[in-house]
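# Coordinate analysis (summary)
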Amino acid sequence: MKYKILLCLLTMILSVQAASAEMLDLSDLENIEDVQTIEAEKVWTYPIPYELLTTSDYIVLANKDILLDEDYVPDDLVKLTCRKISSDPIRMREVAAQALSNMFDAAKEEDVYLYAHSGYRSYQTQNTMYYNRLKRNSGKDDGVVAYPGSSDHQTGLGIDVINKAGIGKKFTSAFGKTKEGQWLAENCWDYGFIIRYQKEKEDITKITYEPWHLRYVGVQVAQYMHENNLCLEEFTSEWKEAAAEYEAAE
């Protein structure tokens, strides 16, 4: 009888220990699930890498709402070696200059000849151009010349590209219908360039349609913007919102 009582007590003790162990395991499982949930909230799902977006200065945005400083000058400007409208030097940031040269070579292989017209402009140059435009236009800002500090050219990543027929002539949207303009619209994205001021985005960019004005942002970003029909303002707003949500989850 004594042994039966001891056996029952031992069985009860083991049952309690097993139940305690089971409860601990369930608790641990809940903690693991909580950790997994937290980690899931931190996952970066935007199509372009977080590190690229937060460290690249090739996606800098300049417009009337986001002005570049008066003394903003890229430190890696180089002279273009590709075909130009004249022998006068044109400068761009080094990576953009190389991409432009590669694009011109690719176009030439398809019997399309492109000419670089205007690259980097300093704040002071843009300031002069802007106020000269106002004088000729009765003081009205018609969106043809960018406000000082808002010019894409000051970034050193913007470039005006035209055809031979356009040399010495006024730029018009008709360039977009030329052989060269159509080639750029179809292919510039693969070399890291976007058409900075698109016709259907004038209400957002506040600049009239310029099929000749390209802007270097890098191949991955350019292709994404093209596939999703985004202008630089829209893209900047989109990725910064994604980054803010991601950082808030940390």
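The shown structure was predicted, so the numbers you read here are calculated from the model rather than taken from an experiment.

## Quick word on the sheet that holds strand S3 (residues 115-118)
- Read across the open sheet, the 4 strands follow the order S3-S4-S6-S5; overall the sheet is antiparallel. Each edge of the sheet is formed by a strand with only one pairing partner; in this case those strands are S3 and strand S5 (193-197). Between one strand axis and the next, the sheet turns by 45° as a mean value, whatever way the strands run.

## Focus on the side chain of His 213
- Looking at the element boundaries, His 213 is found in strand S6 (residues 210-216).
- Within the structure, His 213 has its side chain in polar contact with the side chain of Asp 152 (distance 3.0 Å).
- Leaving out residues up to four positions away in the same chain, His 213 has contacts with Asp 152, His 153, Gly 158, Ile 159, Asp 160, Ile 194, Ile 195, Arg 196 and Tyr 197.

## Observations concerning the pairing of S6
- Burial runs high along S6: 7 of the 7 residues are buried.
- Pairing of S5 with S6, which is carried by 4 bridges, proceeds in the antiparallel orientation. Bridged to Tyr 197 within S6 is Glu 210.

## Concerning the side chain of Asn 163
- Among the secondary structure elements, Asn 163 is positioned in the loop between strand S4 (158-162) and helix H5 (179-187).
- On the basis of relative accessible area, Asn 163 is assigned to the buried category, the value being 8%.
- At a separation of 3.1 Å, a polar atom in the side chain of Asn 163 contacts the side chain of Glu 180.
- Ignoring anything within four residues of it in the chain, the contact list for Asn 163 reads Tyr 113, Tyr 115, Phe 175, Thr 178 and Glu 180.

## Regarding the confidence of the model for the protein
- Per-residue confidence for the protein averages 88 on the pLDDT scale, and 83% of its residues sit at or above 70.
- For residues 2-7, every residue scores under 50 in pLDDT, and the model assigns this stretch 0 contacts once sequence neighbours within four places are set aside.
- Note on residues 35-39: pLDDT is under 50 here. Beyond four places in sequence and across chains, it has 0 contacts.

Scoring rules and cut-offs
- Residues numbered from 1 in each chain as written.
- Predicted model: local features only at pLDDT ≥ 70, side-chain atom pairs only at ≥ 80, totals over all residues.
- Heavy atoms only, no water.
- Pairing = 2+ DSSP bridges.
- Helix = DSSP H or I, 4+ residues; strand = E, 2+ residues; numbered from the N terminus.
- Axes fitted to C-alpha atoms, helices over the stretch in contact; angles between N-to-C directions.
- Polar contact = N/O pair within 3.5 Å; in protein donor to acceptor, adjacent residues only side chain to side chain.
- Contact = heavy atoms within 4.5 Å.
- Buried < 20%, exposed > 50% of the residue type's maximum accessible area, 1.4 Å probe, protein only.
- pLDDT = per-residue confidence, 0-100.

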